[in-house]
Amino acid sequence: MAVTERPEASGTADADYFAERRLRRGAAGWVLLAGLGVSYVISGDFSGWNLGLAQGGWGGLLIAFVLMGVMYTCMVFGLAEMSSSLPTAGAGYGFARRALGRLGGFATGMAILIEYAIAPAAIAVFIGGYVESLGLFGLTSSWPVFLACYVVFIGIHLVGVGEALKAMFAISAVAVVALVVFAVGMIGSFDVANLFDIVPTDAAGASTFLPFGYSGAMAALVFGIWFFLAIEGVPLAAEEATDPAKDMPKGIIVAMGVLVVTGALVLVLAPGGAGSAAMGSSASPLPDALEAVGQTGLATFVNYAGLAGLVASFFSIVYAYSRQLFALSRAGYLPRWLSRTSSRQTPLWALVVPGTIGFVLAVVIANGDQLINIAVFGAAVSYVLLNLSHVVLRVREPDLPRAYRTPGGVVTTSVALVLSVVAVVATFVVDPVAAGITAAIFVAFLAYFWFWSRHRLVANAPEEEFDSIAAAEADLR
């Protein structure tokens, strides 16, 4: 039975259905994929992370950076394996669909979609703040900046994925150069005493190292995530990669390595030069740190180049949300018209609809910190399900072809699983209102699936076919 666009239709789809939902294959090798991974995250080095200093002090944020760095590294190894085995645009949703069934797949996909739809709104707010602080265009309100970000960068994505990935790579390169310049400017002013200049409170466990005690270290976990948030989006480019089995593992692992280095640099050098107390309340920590140590010229350069880091992450996460929405829609979990692609094989509505929602949220909420907390909640929930998926697939399908195998196997992703559960708890510690509202939206989407979309799925969508093949092989065994 052919699938039509009527909401009551279900079953298998004909060739015309998928002809309207094609992505451009062979557009990215591992270098572009690594650049995509860095691009997703690099804005976190320029702003947002430093707010963790005000929550946990330098010691608390250091603990958060290490724990979340371990979590992401372990998870990345698991994602490298799963993306080499199940290379579809569904990525995390597709992995969980195979391991945890339709409900688990949808839950994972929606958690990722919440993260990716909200994160650009937060970054747009930060971009607006940068533009205003630099006095560019004479703007005193940020909403025109938000609008320009969404219109311009969605427009570039509509031109074509190859062009968009190359543009992201170039912008990310500028941001990395800015980080190198920052490190050179700060290293001569580093003083260990500056890291611990926050006066200890009377909280349980408070000390010079943990001025806000154990609870502060827990609260800092959310900001530790900001150093790596969205790296898990690299596998979303699987259907557009040149050789997914080889390119995906190499691209995501190289990107993670770069991000560990850049994150450690800013975490040590910014507060080590300008003081943790000052950095904990800074809206633009890297330029402010350079100004504090007398590097005014470098501060101006990094301030402008910092926009490149924010733009790179905004640009790339727009790509990520469109591919996640495309895959969920193509399989029928969300309305199917959202997965229609243009003549240039880009998902038109999957780019425009979340972009419109993100723009409205940026204008209405206009609080980057709160938007970060919402995005992090969605991310943390997806991490629990992604790591669980790797463990289940390893145990249940040991013979699944794997071009890459995770070092340490399920032990590695079990470590990430435990830490991701801790991260979910931490989101409620930092902002219980934002986490609670996001959790309620998440539950509403699950209800939509249970009462509506699970009866209207496309049986021969790639992620559904993977599961059908697995079931058939199990029957044969």
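Preceding this paragraph is the structure being described.
Residues numbered from 1 in each chain as written. Predicted model: local features only at pLDDT ≥ 70, side-chain atom pairs only at ≥ 80, totals over all residues. Heavy atoms only, no water.

Asker: So what exactly am I meant to see when it comes to the overall build of the protein here?
Answerer: Looking only at helices and strands, the protein has 18 helices and 0 strands in total. Expressed as a percentage of its 477 residues, the buried residues of the protein come to 58%. Restricting to contacts in the protein with at least 6 residues of sequence separation, those with at least 24 account for 83%. Element-wise, carbon and sulfur atoms account for 69% of the exposed surface of the protein, whose accessible area totals about 16,800 Å². (Helix = DSSP H or I, 4+ residues; strand = E, 2+ residues; numbered from the N terminus. Buried < 20%, exposed > 50% of the residue type's maximum accessible area, 1.4 Å probe, protein only. Contact = heavy atoms within 4.5 Å. Areas by Shrake-Rupley, 256 points an atom, 1.4 Å probe, with all protein chains shown as cover.)

Asker: Help me out: how do you make sense of the packing of aromatic side chains in this one?
Answerer: What describes a pair of aromatic rings is the distance from one ring centre to the other and the angle between the planes of the rings. In the structure shown here, the tally under the stated rule is 18 aromatic pairs. Each ring, one from Phe-65 and one from Phe-227, has its centre 5.1 Å from the other, and the planes form 85°; the classification is edge-to-face. Taken together, the residues span a long stretch of sequence, with Phe-65 in helix H4 (residues 51–85) and Phe-227 in the loop between helix H9 (213–225) and helix H10 (244–274) at a distance of 162 residues. Overall, the relative accessible area of 10% leaves Phe-65 in the buried class. Taken together through their ring pairs, the aromatic side chains of Trp-49, Phe-65, Tyr-72, Phe-227, Phe-228 and Tyr-383 make up a single cluster. Positioned over the ring face of Trp-450 is Arg-454, at 3.8 Å from the centre of the ring. Stacked on the ring of Trp-452, the Lys or Arg Arg-456 has its end atom at 3.6 Å from the ring centre. (Phe/Tyr/Trp six-rings, centres within 6.5 Å; stacked < 30°, edge-to-face > 60°. Lys NZ or Arg CZ within 6 Å of the ring centre and 35° of its normal.)

Asker: Help me out: how do you make sense of unusual backbone geometry in this one?
Answerer: Peptide bonds are mostly trans, and most non-glycine residues show a negative phi. Its identity as a non-glycine residue notwithstanding, Ala-230 has a phi of 95°, on the positive side. Note that Ala-230 resides in the loop between H9 and H10. For Ala-230, a relative accessible area of 1% gives the class buried. At Ala-366, a position not held by glycine, the phi torsion is positive, near 50°. Relative to the helices and strands, Ala-366 is located in the loop between helix H14 (348–365) and helix H15 (368–396). Among the residues examined, Ala-366 registers a relative accessible area of 47% and is labelled partly exposed.

Asker: Would you mind going over H9 with me for this structure?
Answerer: In an α-helix, one turn spans 3.6 residues; hence positions three or four apart end up facing the same way. For H9, the principal kink sits at Ala-219 and spans about 25°. With 10 of 13 residues buried, H9 is to be regarded as a mostly interior element. What H9 keeps buried is the set Gly-213, Gly-216, Ala-217, Ala-219, Ala-220, Leu-221, Val-222, Phe-223, Gly-224 and Ile-225. (Bend = angle between axes of the 7 residues up to and from the residue.)

Asker: Explain the pattern of salt bridges to me, please; I cannot follow it from the model alone.
Answerer: Should the charged atoms of two oppositely charged side chains come close, the side chains can pair. Within this structure, the stated rule accounts for 3 salt bridges. When the shortest N-O distance is used, the salt bridge between Arg-394 and Glu-81 registers 2.8 Å. Here Arg-394, found in helix H15, pairs with Glu-81, found in helix H4; they are 313 residues apart in sequence, far enough to count as distant. As a salt-bridge pair, Glu-81 and Arg-402 come within 2.8 Å of each other at their nearest N and O atoms. (Salt bridge = Lys/Arg side-chain N within 4 Å of Asp/Glu carboxyl O.)

Asker: Is there a simple way to think about the packing of H4 against helix H16 (residues 410–430) in this case?
Answerer: Helix-helix packing is characterised by the crossing angle of the two axes and by the distance between the axes. Interaxial distance between H4 and H16 falls to 8 Å at its minimum, and their mutual angle equals 130°. As summarised for this structure, H4 and H16 are arranged oblique, according to the angle between their axes. Seen along the crossing, H4 lies across H16 with a hand that is left-handed. The residues of H16 that touch H4, namely those facing Leu-67, Met-68, Val-70, Met-71, Cys-74, Met-75, Phe-77 and Gly-78, are Thr-412, Thr-413, Val-415, Ala-416, Leu-419, Ser-420 and Ala-423. Residue classes in the contact of H4 with H16 are distributed as 11 nonpolar, 4 polar and no charged. (Axes fitted to C-alpha atoms, helices over the stretch in contact; angles between N-to-C directions. Parallel < 35°, antiparallel > 145°, perpendicular 65-115°, else oblique. Left-handed = near helix turned anticlockwise from the far one by under 90°. Nonpolar A, V, L, I, M, F, W, Y, C, P; charged D, E, K, R; others polar.)

Asker: Sorry, what's going on with the packing of H16 against helix H17 (residues 432–451) here?
Answerer: Orientation of H16 relative to H17, taken along the N-to-C sense of each, is 125°, at an axis distance of 5 Å. Classed by the angle they form, the pair H16 and H17 counts as oblique. Between H16, through Thr-427, Phe-428, Val-429 and Val-430, and H17, the contact on the second element is made entirely by Pro-432, Ala-435 and Gly-436.

Asker: What's the story with helix H6 (residues 143–159) in this structure? I'm lost.
Answerer: Taking 1.5 Å of rise per residue, the 17 residues of H6 would be expected to cover 24 Å, and the 25 Å separating its terminal C-alpha atoms lies within 8% of that figure. Residues of H6 that are buried include every one of Val-145, Phe-146, Cys-149, Tyr-150, Phe-153, Ile-154 and His-157, and no others. Down the axis, H6 shows its buried residues gathered within 140° of arc, on one side only. (Expected span 1.5 Å × (residues − 1). Arc of directions from axis to C-beta.)

Asker: For this particular structure, what's the right way to read the nonpolar core?
Answerer: In summary, soluble globular proteins display a tendency toward joint burial of nonpolar side chains. Counting 149 residues, the largest nonpolar core has Tyr-72, Ile-127, Phe-182 and Ile-231 as its most contacted members. When residues of this core are assigned to their parent elements, the largest contribution, 23 residues, is made by helix H5 (residues 92–134). Tyr-72 has contacts with Ile-225, Phe-228, Leu-229, Ile-231, Glu-232, Met-256 and Tyr-383, leaving out every residue within four places of it along the chain. (Core = buried A, V, L, I, M, F, W, Y, C linked by side-chain atoms within 4.5 Å.)

Asker: Can you help me understand a nonpolar patch on the surface in this one?
Answerer: A contiguous nonpolar patch, built from Trp-143, Leu-147, Val-151, Val-360, Val-363 and Val-364 and spanning about 540 Å² of accessible area, is present on the exposed surface. Here Val-151 is to be found in helix H6. Owing to a relative accessible area of 54%, Val-151 belongs among the exposed residues under this scheme. (Patch = residues over 30% accessible without salt bridge, like charges linked within 9 Å, V, L, I, M, F, W, Y side chains within 5 Å.)

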